[in-house]
Amino acid sequence: MAESAITPVASANPPPSVSAHLSGRQKAAILMLAVGRDRSAKLLKLLHEDEIRDISITMAGLGLVRADIVEAVCHEFTRNFESSDGLVGTYETTEEMLRKALPEEQVEKIMDEIRGPAGRTMWDKLGNVQETVLANYLRNEYPQTAAVILSRLQPAHAARIFALLPEDYATDVMMRVLHMETVQREVLDSVEATLRSEFISSLGRSSKRNSYELLAEVFNNFDRKTETRLMASMDKRNHEDMEKVKALMFTFEDIKRLPHVSLMRIVNEVNREKLPLALKGASETVRKMFLQCMSKRAGNILLEEIEALGPVRVKDADAAQTEIVATIKNMANAGEIDLAENGGNDEIIP
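Source: prediction; values computed, not measured.

Reading guide: rules and limits
- Within any chain, residue numbers begin from 1 and follow the written order of that chain's sequence.
- It should be noted that, the model being predicted, local features are given only for residues of pLDDT at least 70 and side-chain atom pairs only at 80 or more, the latter also being counted only at that level, while totals for whole chains, interfaces and linings use all residues.
- Based on all heavy atoms of the structure, the side-chain values leave hydrogens and waters out of the count.
- Of the two site types, the cavity is a set of points on a 1 Å grid over the protein atoms alone where a 1.4 Å probe fits but cannot get out, and the pocket is an open set with protein on both sides within 12 Å along at least five of seven lines, each lined by residues with an atom within 4 Å of a point.
- Grid points are joined across faces, edges and corners, and a volume is the space filled by probe spheres set on the points.
- Each helix is a run of DSSP H or I of at least 4 residues and each strand a run of E of at least 2, with the numbering of both proceeding from the N terminus.
- In this classification, Asp, Glu, Lys and Arg are treated as charged, Ala, Val, Leu, Ile, Met, Phe, Trp, Tyr, Cys and Pro as nonpolar, and every other residue, Gly included, as polar.
- Helix axes are fitted to C-alpha atoms over the stretch in contact, other axes to C-alpha atoms as well, and angles between N-to-C directions run from 0 to 180 degrees.
- What sets the label is the angle itself: under 35 degrees gives roughly parallel, over 145 gives roughly antiparallel, 65 to 115 gives roughly perpendicular, and the rest give oblique.
- Residue contacts are counted whenever heavy atoms from the two residues lie within 4.5 Å of one another.
- Summary of the burial criterion: residues with accessible area below 20% of their type's maximum are buried, those above 50% are exposed, and those between are partly exposed, where the area comes from a 1.4 Å probe applied to protein chains only.
- Think of the arc as the fan of directions from the helix axis to the C-beta atoms.
- In the analysis that follows, any N or O atom pair within 3.5 Å is treated as a polar contact, provided that within protein one partner can donate a hydrogen and the other can accept it, and provided that, for residues neighboring in sequence, both atoms belong to side chains.
- The definition of a nonpolar core used throughout is a set of buried Ala, Val, Leu, Ile, Met, Phe, Trp, Tyr and Cys residues joined through side-chain atoms within 4.5 Å.
- Aromatic pairing here means that ring centres of Phe, Tyr or Trp (its six-membered ring) are within 6.5 Å. Orientation follows from the plane angle: under 30 degrees is stacked, over 60 is edge-to-face, and everything else is tilted.

Asker: Give me the lowdown on the layout of surface pockets, citing residues and values where you can.
Answerer: In this structure, the second largest pocket occupies an estimated 290 Å³ of space. Lining the second largest pocket are 18 residues, and of these R224, E227, T251, F252 and Q321 sit closest to its centre. Those elements that place two or more of their residues in the lining of the second largest pocket are α13 (211–220), α14 (224–237) and α20 (314–333). A total of four residues in the lining of the second largest pocket trace back to one element, the largest contributor, which is α20. Taken together, the residues of the lining of the second largest pocket sort by class into seven nonpolar, six polar and five charged.

Asker: Got a sec to walk through the packing of helix α1 (residues 24–35) against helix α4 (residues 67–76)? Specific residues and values, please.
Answerer: Two elements in contact, α1 and α4, have axes separated by 10 Å at closest approach and are oriented at 100°. When the axis of α1 is compared with that of α4, the two are roughly perpendicular. Note on element contacts: α4 touches α1 through I69, V70, V73, C74 and E76, opposite K27, I30, L31 and A34. Grouping the constituent residues of the contact of α1 with α4 by class yields seven nonpolar, no polar and two charged.

Asker: For helix α15 (residues 239–248), give the residues involved together with the corresponding values.
Answerer: D241, M242 and V245 are the residues of α15 that are buried. Projection of α15 onto a plane perpendicular to its axis shows the buried side chains occupying an angular sector of 95°, all on one side. Among the exposed residues of α15, those oriented more than 90 degrees off its buried face are E240 and A247. Buried residues in α15 make contact with α11 (167–178), α13 and α14. Taking the backbone nitrogen of E240 as reference, a side-chain oxygen 3.2 Å away marks N238 as the first, capping residue of α15.

Asker: An account of the nonpolar core is requested, with residue identities and associated values reported.
Answerer: Core analysis: the biggest nonpolar cluster contains 40 residues, and L138, L150, F162, L165, L215, F219 and V245 have the highest contact counts within it. For this core, the element with the highest residue contribution is α11, accounting for seven residues. Residues within four places of L215 in sequence aside, it is in contact with F162, M174, V177, L178, M234 and V245. Core analysis: the second largest hydrophobic core is formed by 27 residues, F252, V270, L279 and I328 among them.

Asker: Mind laying out empty space enclosed by the protein, listing which residues take part and the relevant values?
Answerer: Summed over the entire model, instances satisfying the criterion amount to two cavities of 30 Å³ or more. Taken as a whole, the second largest cavity holds about 30 Å³ of empty space. Taken together, L44, I55, S56, M59, T94, M97 and L98 make up the lining of the second largest cavity. Looking at the lining of the second largest cavity, the elements that each hand over two or more residues are α3 (49–60) and α5 (91–101).

Asker: Provide a residue-level description of the packing of aromatic side chains, including the pertinent values.
Answerer: Both the distance between ring centres and the angle between the ring planes are used here to describe each pair of aromatic rings. A full pass over the atoms with the stated rule returns one aromatic pair. For the ring pair F252 and F290, a centre distance of 6.1 Å and an interplane angle of 10° mean the geometry is stacked. Residue F252 is located in the loop between α15 and α16 (260–269), and its partner F290 is located in helix α18 (residues 284–292); the two are separated by 38 residues in the primary sequence. Owing to a relative accessible area of 3%, F252 belongs among the buried residues under this scheme.

Given below as structure tokens:
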């Protein structure tokens, strides 16, 4: 869930459940804005720098927060807070609040990490570095250092970098990602300093992600050849670990596991221009499941579009499927569908 995706719920006297969908960071950021800049400045002085950074990033992305949401959050702190208007969290209000509480140098550092070029975070900045540049850099690093860096990149970006690394080295890094303990602050600081000088960027987030989920997403973004090659190598190194990763992967063919109602929602959201190309490389079962979610006329048009494509490159079909899988995962993250549901295996294909 993105930090700015706050869904307001209209209510004259909102119950605590109104704010139940908010994260702790979002609630803290809303409360900071609600109590005012002077009081928030005093609170910020009592927080650790990592906590200030997390709240600041969240605050800067809040946008408009409805008054009933503000009220519900304040109720959780045993206070009544009423307002006819909402609150607006922006870069400007965040920076002004930080300047009341922190030294200039520290404020500049935090705001630089929040804002970045075009409002991107520091990890997004690192994500803009070309895969070949990062891959060449990582080849000369210890596998553990590479694991720290790659575990913090977007899975699609990390997948492209892994594909460029030597097989044994890539496998070693993957194993270290899976079994990585919490990275010590001084180690992360050292990596940050190096990356600042090498890529004019820095590491912005320190949240720990599930390592098996991370590698599952990385494998989801590989092309078929790279996926098969590295999956076999990983399986030889540690079969149990590879099986755990496989269990968390969601590929285009896994669509057949989803119930009809979820697939109906997916059909309405996916890029219809990419669908014919994606289905060109799909199994007959998956293709039929998509057709079952359409009217007869729409299904016939889709079949004609698939037929009109003629021979296509595997990597083009893979790219189309990857885009659709990304849409499906976004829907799952937003709570619109549940990828854990297993209704597809019980469907009958006529």
